[in-house]
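# Observations on the three-dimensional arrangement
Letter by letter, the chains look like this.
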Amino acid sequence: MAQRTMSNGNLANCPHLDYMYIQTGGHMANGLDIAAKARGGALPRLDIARFAPANRRRLSAPAFRTFLAIADLWGLNEEQRRLILGFPSRSTFHNWARQAREHGAFTLDVDVLTRISAVLGIHQALGILFDDEREGIDWLRMPHDAPVFGGHPPLDLVTSGTQDGLMTVRRFLDAARGGTYMPPGVIDAGFTPYDDREIVFR
């Protein structure tokens, strides 16, 4: 499994659309990040301005277009797409899709934006962990033996209808990017440690 820094560039590098994004070195804050910061002071918190209707309205159309593009890439059917979004009615879903494609203005609620943000994070992580886009999609669809998946494909959690399922897959992949759970990529596996002769202070 080779690693790379970008996949499908128009989709993968969109932190401004990541509704859960906290400035913690470019990834979603997890429990360890928060605990470490807490020891040094106040707990990190999201800027409450992102919950404002005007900000959600600004993000909604581009976020939904991005979601539709990723859903197309993953080959999701309509029911799976609606489950990811919290199962809005068919009319609401298609109204959002129409307005997003026409670059119209509409406002998604915090729950829907958070769910889309999780999908974006999963897509980004797959683009980093897998050299081939197809391999990343196969990983989502193949049964996985990690305890958190219980032998089911990760996509089953993604499309379970719960925020928790989405966050579980996103956090798993975030951890994998840091070297946990999954074997190192080709580049990392072949890495030769530096020795003292190669370390130069200027």
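See the structure printed just above.
Residues numbered from 1 in each chain as written. Predicted model: local features only at pLDDT ≥ 70, side-chain atom pairs only at ≥ 80, totals over all residues. Heavy atoms only, no water.

### Details of the overall build of the protein
For the protein, the helix and strand inventory stands at 10 helices and 0 strands. Going from the N terminus to the C terminus, the protein shows its helices and strands as α-α-α-α-α-α-α-α-α-α. Taken over 202 residues, the protein has a buried fraction of 41%. Taking the contacts inside the protein whose residues are at least 6 apart along the sequence as the reference set, 68% of them involve residues at least 24 apart. With an accessible surface of roughly 11,200 Å², the protein has 54% of that area assigned to carbon and sulfur atoms. (Helix = DSSP H or I, 4+ residues; strand = E, 2+ residues; numbered from the N terminus. Buried < 20%, exposed > 50% of the residue type's maximum accessible area, 1.4 Å probe, protein only. Contact = heavy atoms within 4.5 Å. Areas by Shrake-Rupley, 256 points an atom, 1.4 Å probe, with all protein chains shown as cover.)

### Description of helix α5 (residues 90-101)
Every α-helix winds through 3.6 residues per turn, so residues three or four apart in the chain are directed the same way. Helix length check: α5, at 12 residues, gives a terminal C-alpha distance of 16 Å against a target of 16 Å (1.5 Å per residue), a fit within 8%. Those residues of α5 not exposed but buried are Phe93, Trp96, Ala97, Gln99 and Ala100. Tucked inside the fold, the buried residues of α5 contact α3 (53-74), α4 (78-84) and α6 (110-129). Phi turns positive, to about 60°, at histidine 103, one or two residues after α5. (Expected span 1.5 Å × (residues − 1).)

### Things to note about the pattern of salt bridges
Tallied over the full model, the rule gives 8 salt bridges. Between aspartate 174 and arginine 170 there is a salt bridge, and its shortest N-O distance comes to 3.8 Å. Placement of both aspartate 174 and arginine 170 in helix α9 (residues 163-177) is noted, with a separation of 4 residues, approximately one turn of the helix. Take aspartate 174 and arginine 170: they sit in the same class, and that class is buried. Overlapping salt bridges, with partners in common, bring together Glu78, Arg82 and Arg90 in one network. (Salt bridge = Lys/Arg side-chain N within 4 Å of Asp/Glu carboxyl O.)

### A look at the packing of aromatic side chains
In total, this model carries 7 aromatic pairs according to the counting rule given. Consider the rings of phenylalanine 64 and phenylalanine 67, whose centres lie 5.8 Å apart with planes at 55°: the pair is tilted. Of this pair, phenylalanine 64 and phenylalanine 67 both sit in helix α3, 3 residues apart, which is roughly one turn of the helix. Here phenylalanine 64 falls in the buried class, since its relative accessible area comes to 0%. Centre to centre, the rings of phenylalanine 64 and phenylalanine 106 are 6.3 Å apart; their planes meet at 80°, and the pair counts as edge-to-face. Remark: phenylalanine 106 occurs in the loop between α5 and α6 and phenylalanine 64 occurs in helix α3; sequence separation between them is 42 residues. The exposure class of phenylalanine 106 is buried, given its relative accessible area of 6%. An aromatic cluster of at least three residues, connected via ring pairs, comprises Phe64, Phe67, Phe93, Trp96 and Phe106. Above the plane of the ring of phenylalanine 87 lies arginine 82, whose end atom (NZ or CZ) is 4.2 Å from the centre. (Phe/Tyr/Trp six-rings, centres within 6.5 Å; stacked < 30°, edge-to-face > 60°. Lys NZ or Arg CZ within 6 Å of the ring centre and 35° of its normal.)

### With respect to the side chain of serine 60
As for its placement among the helices and strands, serine 60 is situated in helix α3. Serine 60 sits in the buried class, given a relative accessible area of 0%. Looking at serine 60, its side chain comes within polar contact range of the main-chain oxygen of arginine 56, at 2.5 Å. In terms of polar contacts, serine 60 uses its side chain to reach the backbone amide nitrogen of leucine 108, at 2.8 Å. Serine 60 has contacts with Phe106, Thr107, Leu108 and Leu113, leaving out every residue within four places of it along the chain. (Polar contact = N/O pair within 3.5 Å; in protein donor to acceptor, adjacent residues only side chain to side chain.)

### Thoughts on the nonpolar core
Where a protein is soluble and globular, its nonpolar side chains tend to be buried together. Counting residues in each nonpolar core, the largest one holds 42 residues, and the members touching the most others are Phe64, Phe67, Trp74 and Trp139. Mapped by element, the contributors of at least two residues to this core are α3, α5, α6, α7 (133-141), α8 (154-158) and α9. Among the elements that make up this core, the one with the highest residue count is α6 (10 residues). (Core = buried A, V, L, I, M, F, W, Y, C linked by side-chain atoms within 4.5 Å.)

### Let's talk about the environment of alanine 97
Here alanine 97 is to be found in helix α5. Measuring from C-alpha to C-alpha, the distance between alanine 97 and phenylalanine 64 comes to 7.1 Å, with 33 residues separating the pair along the chain. Those residues in contact with alanine 97 that sit more than four places away from it in its chain are Phe64 and Leu68.

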